[in-house]
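Tertiary structure, described
So you can see what is in the structure, the chains are spelled out below.
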Amino acid sequence: MLWSTNGWHWKEESASALPLDFGVPFTLQNNPVVGVSWYEAACVPSWLTRKYRLAGWLPERWRVALPSEPEWEMAARGAASLPRKVEPVCIQKMSMVKQGRSKNNSMAARTFPWGDDFEVDRANVHETRIESPQTLGCFPGGISPIGAEEMAGNVWEWTRSPYKTYPYTWADEEWEDPIRTDRRSVRGGSFILGLRRAHCAARAWGESDSPYYSVGFRLVLLSFSGEE
């Protein structure tokens, strides 16, 4: 199912019950999920949004989603201002989340999530010589300014944005078309590629209906207004 302003859309011919099985270590339960197409990854936030709302955990003005490219990049670099203290969010208490005090982000244009200089112990990339996905948390030195881990390396991550000229302008009506069927942008680099493809601005693409052994996804919580 794909989230759109017009309701729910289903890409039946590209759907499968389980991720494509690439074998160990890609199927280890504590590693990032890979082997899912963009369509399949897009099903997860739609399902979770409904589930969390039925459970009373998610306020109506919030939804779960794949990140857009700008949202992904902000998570990797941090915005112009940053929270003074990063704390995990309990989704059952979303209605109680408040914006705390902030500080200036002196490195808003940083090259990597941790800064401008590459260090081999901060990301799972080709130079690290692991040559497979790793469990989240193996590279605590690579954490982003807002507390997101593995934003560089490990596996590429699907975004909900079509692959086109970047950055987008808000006047472009197709900058985030939810029902396009062509290539979708992936971000973050992976274990098979070098540091040149793992920096905050690096981008690539995948065919929407194709699963890959080096592409996974992460989710974001979005607030919105108006009709769904």
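See the structure printed just above.
This one's a predicted model, so the numbers in the text were calculated from it and none came from an experiment. (Residues numbered from 1 in each chain as written. Predicted model: local features only at pLDDT ≥ 70, side-chain atom pairs only at ≥ 80, totals over all residues. Heavy atoms only, no water.)

Side note on the nonpolar core
- Among the nonpolar cores identified, the biggest contains 11 residues, and these are Val36, Trp38, Tyr39, Ala41, Ala42, Leu66, Trp156, Trp158, Val186, Ala204 and Val215.
- The element contributing the most residues to this core is helix H1 (residues 38–54), with four residues.
- Leaving out residues up to four positions away in the same chain, Val215 has contacts with Val33, Val34, Gly35, Val155, Trp156, Trp158 and Val186. (Core = buried A, V, L, I, M, F, W, Y, C linked by side-chain atoms within 4.5 Å. Buried < 20%, exposed > 50% of the residue type's maximum accessible area, 1.4 Å probe, protein only. Helix = DSSP H or I, 4+ residues; strand = E, 2+ residues; numbered from the N terminus. Contact = heavy atoms within 4.5 Å.)

A short note on H1
- The terminal C-alpha atoms of H1, which comprises 17 residues, lie 25 Å apart, in line with the 24 Å expected from a rise of 1.5 Å per residue.
- Burial of H1 is extensive: 12 of the 17 residues sit out of reach of the surface.
- One or two positions beyond H1, positive phi appears at Gly56, with a value near 80°. (Expected span 1.5 Å × (residues − 1).)

Description of the sheet that holds strand E9 (residues 215–217)
- Judged by pairing direction, the sheet is mixed, and its four strands sit side by side in the order E8-E7-E6-E9 without closing on themselves. On the outer flanks of this sheet lie strand E8 (203–206) and E9, each paired with one strand and no other. Going across the sheet, the axis of each strand differs from the next one's by a mean of 50°, ignoring polarity.
- Taken together, the three bridges between strand E6 (residues 156–162) and E9 define a ladder with parallel strand orientation. (Pairing = 2+ DSSP bridges. Axes fitted to C-alpha atoms, helices over the stretch in contact; angles between N-to-C directions.)

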